[in-house]
Amino acid sequence: AAAPAAAAPAAAAPAAAPAGEEAKARGNKQFKEGKFENAIASYTEALQRGGNDADAKWQSIVLSNRAMTRLKIGGYEDAEDDCTKALKLDPKNVKAYLRRGAARSVSGNYLESLEDYECALRLEPKNRDAKVEITRMKDILGGANQTPDFDM
């Protein structure tokens, strides 16, 4: 009778939940509370605890969350790096495309930003944010003087 009781708790534990899930949840809570530096630390901890055992899609989500947090504090280059890593792990992560597009836009990389927003829209054809940003990037790029000035 002791053997079935011992087996039950093991079966109840979700096998797919990475070790860093608790840190990820803490990071989400801290983000909502506006504690961005703490959230970054929690997401970093989640990634470290998740390690190689965590599946690629989960790691991609955590990286995308950390990127959003970095955008909030002006860490645009780090946000872009997190999104690039997230997209290598899960090329269908729409939020990572949107967030990398935002980071690139703020950094003045409008063409790359436009490409990210277009990728997001291909994956999610009804995504309003992607549509708005595509229009904005095209307006910026269309209004830019694209002819180099060699008379400097």
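Read on for a plain summary of the structure. Quick caveat: nothing in here was measured; it's all calculated off a predicted structure.

1. A word on the pattern of salt bridges
- Under the defined criterion, the tally for this structure stands at 12 salt bridges.
- A salt bridge links Asp 116 to Arg 100, with the nearest nitrogen and oxygen atoms 2.7 Å apart. Of this pair, Asp 116 sits in helix H7 (residues 110-123) while Arg 100 sits in helix H6 (residues 94-106), and the two are 16 residues apart along the sequence.
- Exposure remark for Asp 116: the relative accessible area of 2% places this residue in the buried category.
- One network of salt bridges, with partners in common, ties together Glu 80, Arg 100, Arg 104, Glu 112 and Asp 116.

2. Let's talk about the packing of H6 against H7
- Relative orientation of the contacting elements H6 and H7 amounts to 160 degrees, with a least axis distance of 8 Å. Classified by the interaxial angle, the pair formed by H6 and H7 is roughly antiparallel. Where H6 crosses over H7, the handedness of that crossing is left-handed. Residues Val 94, Tyr 97, Leu 98, Arg 100, Gly 101, Ala 102, Arg 104 and Ser 105 of H6 pack against Tyr 110, Glu 112, Ser 113, Asp 116, Tyr 117, Cys 119, Ala 120 and Leu 123 of H7.
- Class assignment for the residues of the contact of H6 with H7 results in 9 nonpolar, 3 polar and 4 charged.

What counts, and where the lines are drawn
- Residues numbered from 1 in each chain as written.
- Predicted model: local features only at pLDDT ≥ 70, side-chain atom pairs only at ≥ 80, totals over all residues.
- Heavy atoms only, no water.
- Salt bridge = Lys/Arg side-chain N within 4 Å of Asp/Glu carboxyl O.
- Helix = DSSP H or I, 4+ residues; strand = E, 2+ residues; numbered from the N terminus.
- Buried < 20%, exposed > 50% of the residue type's maximum accessible area, 1.4 Å probe, protein only.
- Axes fitted to C-alpha atoms, helices over the stretch in contact; angles between N-to-C directions.
- Parallel < 35°, antiparallel > 145°, perpendicular 65-115°, else oblique.
- Left-handed = near helix turned anticlockwise from the far one by under 90°.
- Contact = heavy atoms within 4.5 Å.
- Nonpolar A, V, L, I, M, F, W, Y, C, P; charged D, E, K, R; others polar.

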